[in-house]
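The primary structure of each chain is shown beneath.
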Amino acid sequence: MQVDIETDEQILEETVEVGIQKLIIFNDDVNTFDWVIDTLMEVCGHTSEQAEQCTIIIHYKGKCSVKEGEFGELLPMRNQICERGISAEIH
């Protein structure tokens, strides 16, 4: 005797929302344009054009979001930026 058993497979997709954060740099009266540009290129991997544009925004608007990602990815970048004397926060 052969028994046919029907089985239903239910596949559940779990969506995990990862909180995307922003790394923000603030303007000051101490650091030069070149220093901030070099920092963005070295720490954040910006091209010279990206770094220059962000630096201009920082100067005229007072701050600029220079990178987006997960907190764990941004934290080492923020620390390196702050070690160079530039004000930065993750929001």
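Calculation criteria
- Residues numbered from 1 in each chain as written.
- Predicted model: local features only at pLDDT ≥ 70, side-chain atom pairs only at ≥ 80, totals over all residues.
- Heavy atoms only, no water.
- Core = buried A, V, L, I, M, F, W, Y, C linked by side-chain atoms within 4.5 Å.
- Buried < 20%, exposed > 50% of the residue type's maximum accessible area, 1.4 Å probe, protein only.
- Helix = DSSP H or I, 4+ residues; strand = E, 2+ residues; numbered from the N terminus.
- Contact = heavy atoms within 4.5 Å.
- Expected span 1.5 Å × (residues − 1).
- Arc of directions from axis to C-beta.

Colleague: Got a minute to help me understand the nonpolar core in this structure?
Modeller: A general feature of soluble globular proteins is that nonpolar side chains tend to end up buried together. If you look at the biggest cluster of nonpolar residues, it comprises 18 residues, and the most contacted ones within it are L23, I25, L40, C44, V66 and I81. For this core, the secondary structure elements donating two or more residues are β1 (21–26), α1 (33–44), α2 (48–61), β2 (63–69), α3 (71–83) and β3 (88–90). In terms of residue count, α1 provides more of this core than any other element does, 5 residues in total. Apart from residues no more than four positions distant in its own chain, L23 is found in contact with C44, C64, S65, V66, K67, L74, M77, R78, I81, A88, E89 and I90.

Colleague: Is there a simple way to explain α3 in this structure?
Modeller: Two residues of an α-helix separated by three or four positions point the same way, owing to the 3.6 residues in each turn. Between its first and last C-alpha, α3 extends 18 Å over 13 residues, near the 18 Å set by a 1.5 Å rise per residue. Of the positions making up α3, those classed as buried are L74, M77 and I81. The buried side chains of α3 occupy one side of the element, clustering within an arc of 65° when seen end-on. Those residues of α3 that are exposed and angled more than 90 degrees off the buried face are G72 and E83. Positive backbone phi, approximately 85°, marks G85, located one or two places after α3.

All we've got here are geometric facts, nothing functional implied.
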